[in-house]
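# Observations on the three-dimensional arrangement
If you want the building blocks of each chain, they are given just below.
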Amino acid sequence: MNSVLNILIDIASTPAILVALIAVLGLGLQKKSISDVVRGGIKTFVGFLVVTAGAGVIEGALAPFGEMFQHAFNMQGVVPNNEAIVALALTKYGTYTALIMLAGMAFNILIARITKFKYIYLTGHATLYMACMIAVIMSVTKMSAVPLVLVGGLALGLANTIFPAIAQPFTKQITKNDSVALGHTGNFGYALSGFIGKYVGNKEKSTEDINFPKGLSFLRDSTVSITLTMGIVYTIVALFAGNAFIAENLSNGTNYIIYALQQAGMFAAGVFVILAGVRLILAEIVPAFKGISEKLVPNSIPALDCPIVFPYAPNAVLIGFLTSFVGGIVSLFIMIATGTTVIIPGVVPHFFCGATAGVFGNATGGVRGAVVGSFIHGVIISFMPILLMPVMGDLGFQGSTFSDTDYGVTGIFLGKLADMGGQIAVVAGVVAVLALLLALTIFGKKKATETKEVA
């Protein structure tokens, strides 16, 4: 039994296999030929592996940057990192995490079936991480195993339905259609960035329309502009960190400036690979998902990882990352001045989440929207972990914590309910959210019926 469960968990937590199977199922439900089904499944599988490889290249380039930054400016504190905190949590809460993850995926499909919120969350690793956080918080309530898994799974299913929904109005502005949604753990922050951009910027002045002087027209190539910008950033931090530290701890003896430029190039290469993989995935998964939409969950929309929006505004990706990181640095100085727990800016969340926030801010507010939206996003993901840590029990202060906004919103909501009324309050709160979705669905149907009658 355990071996079967482990296989199911491995499939569910491996995005490439999970989404490839979804593509195969969708094409099969459309009664496509075997060759079409095989081709669609393999291209989707490979596309996700390409995206994963690109993300790995970026994370590999950002890891030494984080170390250089901490050494250069002598910063000590909590570093938000989803992988690090999950690795700690799984040693104690692994079984609950696995069961909540599987229950959450089932609840997500059920909620999409019975409500108007038709989002099927396909980002497996994000689902695993959210399940892990929920398992930790639910365990703090001392709830017994069966209700813990059921209530935790329902909470996960609701989160994986609601967060794509709140970002979808802005996602549609980016993609110009309603065929795909965003399934990532920063959706609350992205939606906020899009909302802010609407009021502070001008979407007619897009980051992608930046007019470079004729002699600098090569900067319109996103690979070139990202490489040059990150080369400058890496070099500045390397100068402060010093050749001795970098040569001894990071570069294996390579000159620190050369090493910094190499890592900047690796960063740009990772972005290039991600963009290629995203194009491959979208070309296959959207048509394949039509079968699931028609047969299993009518009108359902696949919610995919945040790099799906990167090709729509590559300049906003870079602007969003940099301004979100600046927001993290400003927040760090505020924390030092006010004596709170110090959250050191995590380069990985500020890139993936900050870059995505930049794309959302640009969609509604152009350059100004991308800058302001991403900066505020950077501040939020710096302060939100401080509020999340106390509800994480023994894992609250382990030198790392969850970083993205959706972890903060979900964790603080469940944690505060547990503090106020224990198990009963948590169950009541989760059921109340489900009831709200059902009420909104019923109200929406009534409103649509009345509109038709008037017409």
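Residues numbered from 1 in each chain as written. Predicted model: local features only at pLDDT ≥ 70, side-chain atom pairs only at ≥ 80, totals over all residues. Heavy atoms only, no water.

### Focus: the overall build of the protein
Note the threshold: A run of DSSP states H or I qualifies as a helix once it reaches four residues; a run of E qualifies as a strand once it reaches two. Both are numbered from the N-terminal end. Note on exposure labels: buried denotes an accessible area under 20% of the residue type's maximum, exposed denotes more than 50%, and partly exposed covers the range between, all computed with a 1.4 Å probe on protein chains only. Throughout, a contact is declared for two residues whenever any of their heavy atoms are within 4.5 Å. Surface exposure here means Shrake-Rupley accessible area, sampled with a 1.4 Å probe, where a residue is shielded only by the protein chains that are shown.
Across its full length, the protein holds 13 helices and 5 strands. Per-residue burial for the protein yields a buried fraction of 54% across its 455 residues. Sequence separation of 24 or more characterises 81% of the internal contacts of the protein that already satisfy a separation of 6 or more. When the accessible surface of the protein is summed, it comes to about 19,300 Å², and 67% of that surface belongs to carbon and sulfur atoms.

### Some points on the packing of aromatic side chains
Formally: Note on aromatic contacts: the rings of Phe and Tyr and the six-membered ring of Trp form a pair at centre separations within 6.5 Å, being stacked when their planes are under 30 degrees apart, edge-to-face when over 60 apart, and tilted otherwise.
Taken as a whole and assessed by the stated rule, the structure comprises 9 aromatic pairs. A ring pair is formed by Y190 and F360, whose centres lie 5.7 Å apart and whose planes are at 35°; its orientation type is tilted. Placement of Y190 in helix α7 (residues 187-200) and of F360 in helix α12 (residues 347-388) is noted, with a sequence separation of 170 residues between them. For the pair formed by Y190 and F360, the shared burial category is buried. Here the aromatic residues F267, F310, F321, F325, F351 and F352 are joined through ring pairs into a cluster of three or more.

### Quick notes on helix α6 (residues 145-175)
Rule in force here: To estimate the expected span of a helix, subtract one from its residue number and multiply by 1.5 Å. The bend at a residue is defined as the angle formed between two axes, one fitted to the seven residues ending at that residue and one fitted to the seven starting there.
Here α6 spans 42 Å end to end across 31 residues, near enough to the 45 Å set by a 1.5 Å rise per residue. The largest bend along α6 measures about 55° and falls at Q168, with the proline P169 one to four residues further on. Where burial is concerned, most of α6 is hidden: 22 out of the 31 residues are buried. Downstream of α6 by one or two residues, K176 has phi in the positive range, about 65°.

### What to know about the packing of helix α5 (residues 124-140) against α6
Counted only if it meets this: To define axes, lines are fitted to C-alpha atoms, for helices over the stretch in contact only, and angles between the resulting N-to-C directions are given on a 0 to 180 degree scale. Here roughly perpendicular refers to angles of 65 to 115 degrees, roughly parallel to angles under 35, roughly antiparallel to angles over 145, and oblique to all remaining angles. Each crossing gets its handedness from the near helix: less than a right angle anticlockwise from the far helix is left-handed, clockwise is right-handed. In the scheme used here, Gly and all other residues not listed as nonpolar or charged are polar, with Ala, Val, Leu, Ile, Met, Phe, Trp, Tyr, Cys and Pro taken as nonpolar and Asp, Glu, Lys and Arg as charged.
Look at α5 against α6: their axes get within 10 Å of each other, and the N-to-C directions meet at 135°. Relative to α6, the element α5 is oriented oblique. Both α5 and α6 take part in a crossing whose hand is right-handed. Residues T127, M130, A131, I134, M138 and S139 of α5 form the contact with α6, whose own contacting residues are L148, V151, G152, A155, L156 and N160. Residues of the contact of α5 with α6, tallied by class, amount to 8 nonpolar, 4 polar and no charged.

### A word on the sheet that holds strand β2 (residues 119-121)
So the rule is basically this: When DSSP locates at least two bridges between a pair of strands, those strands are taken to pair.
The 3 strands are arranged β2-β4-β3 in an open sheet whose pairing can be described as parallel. With partners counted over all chains shown, the strands left at the sheet margins are β2 and β3 (181-182), one partner each. As defined by bridge partners, β2 adjoins strand β4 (residues 301-304) across 3 bridges and the pair is classed as parallel. Bridge assignment links I120 to a residue of β4, and that residue is P302. Sheet strands touched by α6: β2, β3 and β4. Its angle to β2, the strand with the most contacts, is close to 115°.

### Overview of α7
The end-to-end C-alpha distance of α7 is 20 Å, a good match for the 20 Å that 14 residues give at a rise of 1.5 Å each. The set of residues buried in α7 consists of N187, G189, Y190, A191, S193, G194, I196 and G197.

### Digging into the environment of Y129
Tracing the sequence through the fold places Y129 in helix α5. In the structure, Y129 is positioned 47 residues away from N82 in sequence and 7.2 Å away in space, judged by C-alpha atoms.

### Overview of the packing of α7 against α12
Contact geometry of α7 with α12 gives a least axis separation of 10 Å together with a crossing angle of 140°. Judged by the angle between their axes, α7 and α12 are oblique. Broken down by class, the residue content of the contact of α7 with α12 amounts to 12 nonpolar, 12 polar and 2 charged.

### Comments concerning the pairing of β4
Here β4 shows a buried face lined by I301 and A303 and a second buried face lined by P302 and L304. As paired strands, β3 and β4 are joined by 2 bridges and run parallel to one another. Note on β4: the bridge partner recorded for L182 is L304.

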